[in-house]
Amino acid sequence: MIRLITIISMLILLLGCDSSTKNELSNSIIPSNNDIAIAIIEDTNLVKNQIEDTIKCIIQNQTIVKDKNISEENTTKQTHTIGRYIELPSDDNWNGKPMTQQIEIPENVWNNFPDTLAKLAVARYKTYDYYFSIAIADNFEQGISTVMVMYPKKLIFRFQLFENQYRSTPYAIKEITVRRNENGEPYAETNAL
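Residues numbered from 1 in each chain as written. Predicted model: local features only at pLDDT ≥ 70, side-chain atom pairs only at ≥ 80, totals over all residues. Heavy atoms only, no water.

1. Some details on the pattern of salt bridges
At step 1: Overall, the coordinates contain 5 salt bridges when judged by the stated rule.
At step 2: Of the charged contacts in the structure, one is a salt bridge between Glu 175 and Arg 158, with a shortest N-O distance of 2.5 Å. Of this pair, Glu 175 sits in strand E5 (residues 172-180) while Arg 158 sits in strand E4 (residues 155-162), and the two are 17 residues apart along the sequence.
At step 3: What makes Arg 158 partly exposed here is its relative accessible area of 29%. (Salt bridge = Lys/Arg side-chain N within 4 Å of Asp/Glu carboxyl O. Helix = DSSP H or I, 4+ residues; strand = E, 2+ residues; numbered from the N terminus. Buried < 20%, exposed > 50% of the residue type's maximum accessible area, 1.4 Å probe, protein only.)

Written as structure tokens, this is what we have:
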């Protein structure tokens, strides 16, 4: 009942505000004929002053031509950008199915820093703790419960490398397997395709 009264009072308040703002807007938006005439006279005065200053006009014309050339070059070079995706882990990935990871790395950067993908795979693996299975061991006699994360034996990342955001096909596909060592630290191994 209180909600109904609140809703009705809000509707009445909104209807009251709506009519008052319409009157204010109609008075402020529609200019009088005198305002239009003043605006036209001011515009013509500005145009006359700009034409009289020939140096200023020449500079303005040159910058406009340069801006047009730059904008034409940009429109011819730019095409549609393509969205990339990153596949998140699931049960299939725990059983050896590679996770597709599309990233944009220029080929010259990839050639200079080939260990980038291994470091990226380990970093992403560390962020997937939320996706890993959890086991809880309870010791009711002592009142202790222990939470254990069940890490997969391996997680395979299939990186598709693109030159930039406009390319639709990857220039390289690399697989990186992430495993855990005896201390529980993840490390990466490069797979041959």
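Right, picking up where we left off after that structure.
2. What about the packing of aromatic side chains?
At step 1: If you walk through the whole model with that rule in mind, you get 7 aromatic pairs.
At step 2: With 5.8 Å between their ring centres and 80° between their planes, Tyr 130 and Tyr 131 make a pair best called edge-to-face.
At step 3: By relative accessible area, which is 74% here, Tyr 130 ends up exposed.
At step 4: Ring centres of Phe 157 and Phe 159 lie 6.0 Å apart, and the angle between their planes is 15°; this geometry places the pair in the stacked category. Comparing Phe 157 with Phe 159 shows no difference in burial state: the two are buried.
At step 5: In textbook terms, an aromatic cluster arises when at least three aromatic residues are bridged by ring pairs, as seen for Tyr 128, Tyr 130, Tyr 131, Phe 157 and Phe 159.
At step 6: Positioned above the aromatic ring of Phe 162 is the side chain of Arg 84, whose terminal nitrogen or guanidinium carbon lies 3.7 Å from the ring centre.
At step 7: Its end group placed over the ring of Tyr 151, Arg 180 keeps NZ or CZ at 3.5 Å from the ring centre. (Phe/Tyr/Trp six-rings, centres within 6.5 Å; stacked < 30°, edge-to-face > 60°. Lys NZ or Arg CZ within 6 Å of the ring centre and 35° of its normal.)

3. Notes on the sheet that holds strand E1 (residues 99-104)
At step 1: If you trace the 4 strands from one edge of the open sheet to the other, you get E1-E4-E5-E6, paired in mixed fashion. Of all strands in the sheet, those with a lone pairing partner are E1 and strand E6 (186-191), marking the two edges. Geometrically, the sheet is characterised by an average inter-axis angle of 30° between neighbouring strands, direction not taken into account.
At step 2: Sheet topology note: the E5/E6 ladder contains 6 bridges and is antiparallel. If you follow Arg 179 over to E6, its bridge partner there is Tyr 187. (Pairing = 2+ DSSP bridges. Axes fitted to C-alpha atoms, helices over the stretch in contact; angles between N-to-C directions.)

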